[in-house]
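One-letter residues, chain by chain:
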Amino acid sequence: MKVLIAADSVGGVWTYALELVRALEPLGAGAVLAVMGAPLTPDQRRQAAGIELYESAFKLEWMEDPWEEVARAGAWLLDLEARLRPAIVHLNGYAHGALPWRAPALVVGHSCVLSWWRAVKGCEAPASWDRYRREVAAGWGAASATAAPTRAMMESLTRDYGAQARAAVIPNGRVAERFTPGAKQPLIFAAGRLWDEAKNLSALEAAAPRLPWPVAVAGDSRHPDGGVRPSPLRLLGRLSETEVARLFARAAIYALPARYEPFGLSALEAALAGCALVLGGIPSLREVWGDAACYVPPDDPEALARALTGLAADESLRTRMAARARRRALHYSPERMARGYLALYRAMLAGAPVV
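Residues numbered from 1 in each chain as written. Predicted model: local features only at pLDDT ≥ 70, side-chain atom pairs only at ≥ 80, totals over all residues. Heavy atoms only, no water.

(A) Structural context of the overall build of the protein chain. Looking only at helices and strands, the protein chain features 13 helices and 13 strands. Relative to the globule expectation of 20 Å for 355 residues, the C-alpha radius of gyration of the protein chain, 20 Å, shows essentially globular dimensions. Expressed as lengths along the three principal axes of its C-alpha atoms, the size of the protein chain is roughly 60 × 45 × 35 Å. Counting over 355 residues, the protein chain shows a buried share of 55%. Considering only contacts in the protein chain between residues 6 or more positions apart, those separated by 24 or more positions represent 66%. With 41 positive and 36 negative side-chain charges, the protein chain shows a separation of 4 Å between the mean positions of the two kinds. (Helix = DSSP H or I, 4+ residues; strand = E, 2+ residues; numbered from the N terminus. Rg over C-alpha atoms; globule rule 2.2 N^0.38 Å. Buried < 20%, exposed > 50% of the residue type's maximum accessible area, 1.4 Å probe, protein only. Contact = heavy atoms within 4.5 Å. Lys, Arg positive; Asp, Glu negative; His and termini not counted. Charge placed at Lys NZ, Arg CZ, Asp CG, Glu CD.)

Here is the structure:
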């Protein structure tokens with residue numbers, strides 16, 4: 001079975017797509033990757049070594065004034081399908097689900113503006129997003145099947161865009177060997193853009209002066225307006241996947257006080273590396289981690305400071321929570337993810353319901 005997977009290069013979908021392409025191959029499904037959103041970085045090119053890759057830099061549907069480029073991206077993808085003749089088209093965006101595909105098309109929802117706006121801004125997205133709403137609903141509704149990495153995300157998408165007859169919840173996965181525990185140090189680690197309201201690292205900034213351990217953050221610290229403000233955090237900037245894995249191995253605690261996180265690959269990587277987890281108490285993260293993490297209200301820096309201080313002060317608790325998180329993380333493997341998608345692909349080809 002050949003699968004054409006369309007993904008973007010500007011977020012966690014890139015990592016997810018690479019893991020899936022490689023995990024499908026031993027199962028007899030050869031996948032090719034069509035990427036858009038931004039030119040690949042040198043680190044991304046290294047990560048994609050050995051994968052059949054088709055590149056573009058077309059804007060994504062959530063970007064500013066994207067629709068002309070979204071249409072051009074659709075024509076490019078249809079041309080790829082005509083040339084490659086895949087059995088399945090696997091889309092990790094929404095609008096292209098409404099294209100006239102020859103093969104059954106799967107739309108996977110990793111996040112969306114409407115649910116992001118509700119979680120981060122506390123209200124519905126304004127009228128300026130009405131076209132996005134229409135285009136996403138059309139692609140979601142036209143797909144042969146839909147999927148999401150958590151029940152929470154699927155419920156949100158169903159609320160905003162309607163129920164799909166063939167829908168599956170398939171958790172993401174990461175290769176455990178890339179994130180091995182090391183000698184732990186008194187260090188709290190976080191990853192994400194400092195200005196990202198969804199990741200909510202501003203809560204970590206507010207808590208940091210009251211913490212007994214330093215807090216290091218990997219990710220872009222420069223705001224899109226070009227500014228960099230003083231911070232009590234150790235801002236490490238953008239790091240390679242290898243450099244981030246080394247920090248996961250050293251850090252005793254990983255903090256992600258997210259307001260919005262439909263799955264949370266960074267928390268999975270941290271747990272595989274033996275970090276105790278302190279996460280935003282939102283439905284998706286609770287679904288993924290159960291009792292294997294400590295949860296805090298995203299908008300309560302005091303509660304975040306108490307949770308981090310408590311773990312830092314109690315080695316026995318910290319060790320237990322880290323072990324619990326790692327055991328749970330090992331269930332989220334690329335192999336399990338690929339088997340879930342392969343079952344969904346087969347159901348799509350057979351016109352059967354998802355079991």
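(B) Inspection of the packing of helix α4 (residues 113-121) against helix α6 (residues 151-161) at higher detail. Where α4 contacts α6, the axes come no closer than 9 Å and their chain directions differ by 110°. Compared by their axis directions, α4 and α6 come out roughly perpendicular. Contact with α4, carried on its side by Leu 114, Ser 115 and Arg 118, involves Met 153, Ser 156, Arg 159, Asp 160 and Tyr 161 of α6 and no other residues of that element. Taken together, the residues of the contact of α4 with α6 sort by class into three nonpolar, two polar and three charged. (Axes fitted to C-alpha atoms, helices over the stretch in contact; angles between N-to-C directions. Parallel < 35°, antiparallel > 145°, perpendicular 65-115°, else oblique. Nonpolar A, V, L, I, M, F, W, Y, C, P; charged D, E, K, R; others polar.)

(C) How the structure looks around the nonpolar core. The biggest cluster of nonpolar side chains holds 40 residues, and the ones touching the most others in it are Met 36, Leu 77, Tyr 94, Cys 112, Tyr 132, Leu 157 and Tyr 161. Those elements that provide at least two residues to this core are β1 (2-8), β2 (30-36), α3 (67-84), β4 (88-91), β5 (105-108), α4, α5 (130-142) and α6. Broken down by element, the residue count for this core peaks at seven residues, all from α3. Once you skip the residues sitting within four places of it in the chain, Leu 157 turns out to touch Tyr 94, Gly 109, Cys 112, Trp 140, Ala 148 and Gly 162. (Core = buried A, V, L, I, M, F, W, Y, C linked by side-chain atoms within 4.5 Å.)

(D) A look at the packing of aromatic side chains. Enumeration over the complete set of coordinates arrives at 14 aromatic pairs. With centroids separated by 5.8 Å and ring planes inclined at 65°, the aromatic side chains of Trp 116 and Trp 117 adopt a geometry described as edge-to-face. Ring centres 6.1 Å apart and planes at 70° place the aromatic pair Trp 289 and Tyr 332 in the edge-to-face group. Taken together, the positions of Trp 289 in helix α10 (residues 283-289) and Tyr 332 in the loop between α12 (315-329) and α13 (334-350) put the pair 43 residues apart, joining distant regions of the chain. In terms of burial, Trp 289 and Tyr 332 fall into one category: buried. Taken together, the aromatic side chains of Trp 116, Trp 117, Trp 129 and Tyr 132 make up a single cluster linked through ring pairs. Of note, Lys 121 hangs over the ring of Trp 117, and the distance from its end group to the ring centre comes to 5.8 Å. In this structure, Arg 286 packs its charged tip against the face of Tyr 295, placed 4.4 Å from the ring centre. (Phe/Tyr/Trp six-rings, centres within 6.5 Å; stacked < 30°, edge-to-face > 60°. Lys NZ or Arg CZ within 6 Å of the ring centre and 35° of its normal.)

(E) Spatial organisation of the layout of surface pockets. Space inside the second largest pocket adds up to approximately 280 Å³. What lines the second largest pocket is a set of 14 residues, among which Ala 119, Ala 152, Ser 156, Tyr 260 and Pro 283 lie closest to the centre. Only α4, α6 and α10 provide two or more residues apiece to the lining of the second largest pocket. Top contributing element to the lining of the second largest pocket by residue count: α6, with four residues. When grouped by side-chain class, the residues that make up the lining of the second largest pocket number seven nonpolar, three polar and four charged. (1 Å grid on protein atoms, 1.4 Å probe; cavity = no way out; pocket = protein on both sides within 12 Å on 5 of 7 lines; lining within 4 Å. Points joined across faces, edges and corners; volume = space filled by probe spheres on them.)

(F) Up close: the sheet that holds strand β13 (residues 294-296). The sheet built from six strands is open, its strands ordered β10-β9-β8-β11-β12-β13 with parallel pairing. Strands with a single pairing partner mark the edges of an open sheet, and in this sheet they are β10 (234-237) and β13. Strand-to-strand, the axes of this sheet are offset by a mean angle of 25°, without reference to chain direction. (Pairing = 2+ DSSP bridges.)

(G) Structural context of unusual backbone geometry. Positive phi values are uncommon outside glycine, yet Arg 85 reaches one of about 55°. In this fold, Arg 85 is placed in the loop between α3 and β4. A positive phi is found at Asn 200, a non-glycine position, where the angle reads about 65°. Along the polypeptide, Asn 200 turns up in the loop between β8 (185-191) and α7 (201-207). When its relative accessible area of 1% is taken as the criterion, Asn 200 is described as buried.

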